[in-house]
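Here are the chains, one letter per residue:
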Amino acid sequence: MKTPWQVMTGGDWLIVICLLGISLSGIAWLATAPGGTRVVVTSGGQTVFSAPLDLPQSVDLDGPLGPTHLVIDDQGVRITDSPCRAKICISMGPARHTGDLLACVPNRILVRIDSPAGGEEPYDLLSR
Amino acid sequence: MTCSAVDPVKLTHARRQVFLAMFIAIAVTLHVLETLLPSPVPWLRLGLANIMTLAALYLYGGRAAWTVSLARVGVGALLLGRLFSPGFWLAAAGAIVATSAMIIVYRVAGRRLSPIGVSAIGAAGHALGQILAARLLVIQHAAIWQIFPLFLLFTIFSGILTGWLAAGLLEQLRQHPAFQPVADAEDSKAAEG
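The rules behind each value
- Residues numbered from 1 in each chain as written.
- Chains lettered and ligands numbered in written order.
- Predicted model: local features only at pLDDT ≥ 70, side-chain atom pairs only at ≥ 80, totals over all residues.
- Heavy atoms only, no water.
- Pairing = 2+ DSSP bridges.
- Helix = DSSP H or I, 4+ residues; strand = E, 2+ residues; numbered from the N terminus.
- Axes fitted to C-alpha atoms, helices over the stretch in contact; angles between N-to-C directions.
- Patch = residues over 30% accessible without salt bridge, like charges linked within 9 Å, V, L, I, M, F, W, Y side chains within 5 Å.
- Areas by Shrake-Rupley, 256 points an atom, 1.4 Å probe, with all protein chains shown as cover.
- Salt bridge = Lys/Arg side-chain N within 4 Å of Asp/Glu carboxyl O.
- Phe/Tyr/Trp six-rings, centres within 6.5 Å; stacked < 30°, edge-to-face > 60°.
- Buried < 20%, exposed > 50% of the residue type's maximum accessible area, 1.4 Å probe, protein only.

Draft legend 1. The sheet that holds strand 4 (residues 66-73) of chain A, seen in detail. Residues and elements named next belong to chain A. The three strands are arranged 3-4-5 in an open sheet whose pairing can be described as antiparallel. The open sheet is flanked by strand 3 (57-63) and strand 5 (76-81), the only strands paired with a single partner. The average undirected angle you get between the axes of adjacent strands in this sheet is 30 degrees. Sheet topology places strand 4 next to strand 5; five bridges connect them, and they run antiparallel. Bridge pairing in strand 5 links valine 71 to arginine 78.

Have a look at this one:
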């Protein structure tokens, strides 16, 4: 079997590079988004926890599977322990920019960062 | 298949039906297998079933690709007992956007793209379709778009992987007598026999 590099044509490379460009510029843009000020945790559509981002603390939040451990420090907010199996929420690392999202889908915990105004963040990625 | 007296058009048609049925069966198997493997996030999957959609697209064209991808989503959901559940709509939306995108680029670019490029476009379309469906059905919050760049990055690599596997499969299949014009195939069989 040929290696992927032998199979790929110039057009393939163009597509892959364009898609990588879209993805990486999106990631870079999100990383430079303004820092938020409030941590809001929702579970099943209801807000279960809300705290300022500049006040270091750690807290346990109960989901259907058990407690999800949340730490707020100078890097932002991150999930350090969760009863879910794959621990993807932990590997998502810290969130600190407005609109950032940490989700533990199995434990129904959704952590997001809000701007001072609260509510919806000022932009979304659909804007042209 | 020793049926040299059969009308070549009918034979080609019957072969196409048999192979498409096989493609659907393999696609359903891969889809169900991947879904049953543990993963907390419904959209982080390699999408190996797309190998069969790509094979159908390259060997039989756009309509065959639609047949394989829609049948795969439908039969897969029936087997998993989640027809019309949120997960089903995510899979269906992903498959519809991915299949449309792959057929369009395949028609426009033709031979300038290998299955890897078509698959990468399909994977990106799949990501877009799934996030659109998730935005509307599951997490009704615009913040879901925040995960799109990272999700897209993952799908680019899974798209390259499935496209590469599809290219290998196509290379093997095209050497098979069933995928050569009927008259040639019978000749080659006669030569072998």
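That was the structure; now back to the text.
Draft legend 2. Up close: a nonpolar patch on the surface. Residues B:Leu78, B:Leu83, B:Phe84, B:Trp89, B:Leu136, B:Leu137 and B:Val138 make up a contiguous nonpolar surface patch of roughly 730 Å² in combined accessible area. In this fold, B:Leu136 is placed in helix 5 (residues 115-137).

Draft legend 3. The packing of aromatic side chains, seen in detail. Per the counting criterion, the structure on display carries ten aromatic pairs over all chains. For the ring pair A:Trp5 and A:Trp13, a centre distance of 5.8 Å and an interplane angle of 20 degrees mean the geometry is stacked. In this structure A:Trp5 comes out as exposed when scored by relative accessible area, which is 57%. Relative to B:Phe23, the ring of B:Phe19 lies with its centre 6.4 Å away and its plane at 70 degrees, an arrangement referred to as edge-to-face. Residue B:Phe19 and its partner B:Phe23 are both found in helix 1 (residues 8-36); the two are separated by four residues, about one turn of the helix. In this structure, B:Phe19 and B:Phe23 share a single accessibility class: buried. Every member of this aromatic cluster is reached through a ring pair, and the members are B:Phe19, B:Phe23, B:Tyr60 and B:Phe179.

Draft legend 4. Representation of the pairing of strand 1 (residues 38-43) of chain A in the model. Residue and element names in this part refer to chain A. The buried fraction of strand 1 amounts to five of the six residues, a majority that puts the element mostly inside the structure. Relative to strand 2 (residues 46-52), strand 1 runs antiparallel, the two being bridged by six bridges. Paired with valine 41 across the two strands is phenylalanine 49, which belongs to strand 2. Connecting strand 1 to the next strand, strand 2, in antiparallel fashion are two residues, including glycine 44 with a positive phi near 60 degrees. Pairing between strand 1 and strand 7 (residues 109-114): five bridges, direction antiparallel.

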